[in-house]
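Per-entry structural report
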Amino acid sequence: MTKVDAHDLRTNETDDRGRIYLGTEYANKRVTVAVVDVESDRPDEDELAAAYREASESADHLAEEWKGASDEAWNGLDE
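In this report, the structure presented in the accompanying data block is examined.

What counts and what doesn't
- Residues numbered from 1 in each chain as written.
- Predicted model: local features only at pLDDT ≥ 70, side-chain atom pairs only at ≥ 80, totals over all residues.
- Heavy atoms only, no water.
- Helix = DSSP H or I, 4+ residues; strand = E, 2+ residues; numbered from the N terminus.
- Rg over C-alpha atoms; globule rule 2.2 N^0.38 Å.
- Buried < 20%, exposed > 50% of the residue type's maximum accessible area, 1.4 Å probe, protein only.
- Areas by Shrake-Rupley, 256 points an atom, 1.4 Å probe, with all protein chains shown as cover.
- Lys, Arg positive; Asp, Glu negative; His and termini not counted.
- Charge placed at Lys NZ, Arg CZ, Asp CG, Glu CD.
- Patch = residues over 30% accessible without salt bridge, like charges linked within 9 Å, V, L, I, M, F, W, Y side chains within 5 Å.
- Salt bridge = Lys/Arg side-chain N within 4 Å of Asp/Glu carboxyl O.

Turning to the overall build of the protein chain, a few remarks are in order. A count of helices and strands for the protein chain gives one helix and zero strands. For 79 residues, the compact-globule estimate of 2.2 N^0.38 gives 12 Å, and the C-alpha radius of gyration of the protein chain, at 28 Å, exceeds that figure by more than 25%. Projected onto its principal axes, the C-alpha positions of the protein chain cover 85 × 25 × 20 Å. Within the protein chain, buried positions represent 3% of all 79 residues. When the accessible area of the protein chain is evaluated, it comes to approximately 8,400 Å², of which 50% is carbon and sulfur surface. Charge centroids of the protein chain, computed over 9 positive and 22 negative side chains, lie 20 Å from each other.

Written out as structure tokens, the structure reads:
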């Protein structure tokens with residue numbers, strides 16, 4: 001098993017296709033790369049689903065409130 005010194009670890013960002021630029025010092029050399037940890041700056045599907053569900057429920061609640069206020073306003077005009 002290969003031992004890795006913590007000082008040799010580097011964190012790099014991937015491009016939109018998941019590629020990492022290692023640098024010219026690795027040109028024409030064989031390198032072994034290990035993915036130790038992955039962080040995403042985007043919410044996962046469960047978080048998105050929960051947010052959409054919450055927004056939908058909020059919109060339904062606001063629509064109900066608006067309908068009540070609108071009905072009151074129209075009824076007030078009829079008087």
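On the surface, I20, L22, Y26, V31 and V33 cluster together into a nonpolar patch covering about 380 Å² of accessible area. Tracing the backbone shows L22 in the segment before α1 (45-78).

The backbone of N28 shows a phi angle near 60 degrees, a positive value even though the residue is not glycine. Assignment of secondary structure puts N28 in the segment before α1. On the accessibility criterion, N28 (86% relative accessible area) is exposed.

This paragraph deals with a negative patch on the surface. Residues E54, E57, D60, E64 and E65 make up a contiguous surface patch of negative charge. Look at E57 and you get exposed, because its relative accessible area is 52%.

Relative to the elements of secondary structure, S56 occurs in helix α1. Taking the relative accessible area as the measure of exposure, S56 reaches 40% and is therefore partly exposed. Between the C-alpha atoms of S56 and G18, which are 38 residues apart in sequence, the distance is 33 Å.

Following the criterion strictly, the structure yields one salt bridge and no others. A salt bridge links D15 to R19, with the shortest nitrogen-to-oxygen separation between them at 2.9 Å. Its relative accessible area of 46% is what places R19 among the partly exposed residues.

Honestly, that's just the spatial picture; any functional story needs more than this.
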